[in-house]
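# Examining the three-dimensional arrangement
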Amino acid sequence: MIEEKRRHPADDLLSALIRTTDEDADRLTHTELRATTFLLLVAGHATTTNLIANGVLTLLHHPEQLPALRADWTLLPGAVEEILRYAGPQVFSTRRFTTTPWRVGETDVVIPGGGETVMVALSAADRDPARFPRPDTFDIRRPSPSHMAFGHGIHYCLGAPLARLQAATALNSLFTRFPALALAPGADRTWRRSLITRGLTRLPVRVAG
Ligand code: HEM
């Protein structure tokens, strides 16, 4: 794709990154260009695609909340946060490695030190009843404390503001343009087979009543 865009530059992000590399080599090396493209695709594209589809599915599963949203789009940022909490695309964080023995909460479970792998279940944290009352209830008006869908701490998602903006723009456009949008009755939806991500490969919908 990089070679193709190099031959036929267009008004897009990859062409701009290539221009930077070709015209000003001290700013992005070719390896950095490949790495950045990879990062944008894996960390930035698939995740946001999944957020939009998870949002469409969740909202269509809760049609009673759609009229309020359509009547007052200022509810949308809160709805996006609730989608991130309830159906966030990133189920686990990337791997962490212990440097010292670590006791899990108030339990007897101790993870040994010395480089044991730890995977943090972000989605489980986001259904923690101690933090979110009625955690399995989807509510676009939930006055939520912050969720873990974008991770936490030093590796907190770099693209969170962009992802929020993209999801809000997509959901607003879709639900405005297709007022009768609904799940296609009887059609199969399929999920990605992945431990790490929660995302659909197929979500059949009906756009007209
Ligand atoms: C809904 C969309 C997104 C979700 C759910 C998401 C989720 C996450 C999570 C959970 C982490 C932390 C991983 C960890 O701690 O192990 C993370 C990190 C990161 N995300 Fe996102 N992300 C999204 C969109 C994006 C976008 C649009 C970009 C860039 C354009 C992006 C770039 C990154 C980068 C660079 C990191 C690593 C930050 C670091 O290690 O310091 N993400 N993301």
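Provided above is the structure to which this section pertains.
These numbers come from a predicted model, not from an experiment. (Residues numbered from 1 in each chain as written. Predicted model: local features only at pLDDT ≥ 70, side-chain atom pairs only at ≥ 80, totals over all residues. Heavy atoms only, no water.)

### Some thoughts on the side chain of Gln65
Positionally, Gln65 belongs in the loop between helix H3 (30–61) and helix H4 (66–71). Beyond its immediate stretch of four places on either side in the chain, Gln65 contacts Phe138, Asp139 and Ile140. (Helix = DSSP H or I, 4+ residues; strand = E, 2+ residues; numbered from the N terminus. Contact = heavy atoms within 4.5 Å.)

### Section: a nonpolar patch on the surface
Taken together, the side chains of Leu13, Leu39 and Leu40 define a hydrophobic patch exposed on the protein surface, amounting to about 280 Å² of accessible area. For Leu39, the position within the fold is in helix H3. (Patch = residues over 30% accessible without salt bridge, like charges linked within 9 Å, V, L, I, M, F, W, Y side chains within 5 Å. Areas by Shrake-Rupley, 256 points an atom, 1.4 Å probe, with all protein chains shown as cover. Salt bridge = Lys/Arg side-chain N within 4 Å of Asp/Glu carboxyl O.)

### Some points on the packing of helix H2 (residues 13–23) against H3
Any two packed helices are characterised by how steeply their axes cross, that is the angle between the axes, and by the distance between the axes. Between H2 and H3, the shortest axis-to-axis distance is 10 Å and the interhelical angle comes to 165°. Classified by the interaxial angle, the pair formed by H2 and H3 is roughly antiparallel. The crossing of H2 and H3 is right-handed. Contacts from Leu13, Leu14, Leu17, Ile18, Thr21 and Asp22 in H2 reach His30, Leu33, Thr36, Thr37 and Leu40 in H3. A class-by-class count of the residues in the contact of H2 with H3 yields 6 nonpolar, 4 polar and 1 charged. (Axes fitted to C-alpha atoms, helices over the stretch in contact; angles between N-to-C directions. Parallel < 35°, antiparallel > 145°, perpendicular 65-115°, else oblique. Left-handed = near helix turned anticlockwise from the far one by under 90°. Nonpolar A, V, L, I, M, F, W, Y, C, P; charged D, E, K, R; others polar.)

### Some details on the pattern of salt bridges
Any two side chains of opposite charge can pair, on the condition that their charged atoms come close. Within this structure, the stated rule accounts for 7 salt bridges. Ionic pairing is found between Arg7 and Glu4, a salt bridge with its closest N-O pair at 3.5 Å. Residue Arg7 and its partner Glu4 are both found in helix H1 (residues 2–7); the two are separated by 3 residues, about one turn of the helix. Arg142 is the salt-bridge partner of Glu82, the closest N and O atoms lying 3.1 Å from each other. One end of the pair, Glu82, is in helix H5 (residues 76–87); the other, Arg142, is in the loop between helix H6 (122–125) and helix H7 (160–177), and 60 residues separate them in sequence. The two residues Glu82 and Arg142 agree in class, both being buried. (Buried < 20%, exposed > 50% of the residue type's maximum accessible area, 1.4 Å probe, protein only.)

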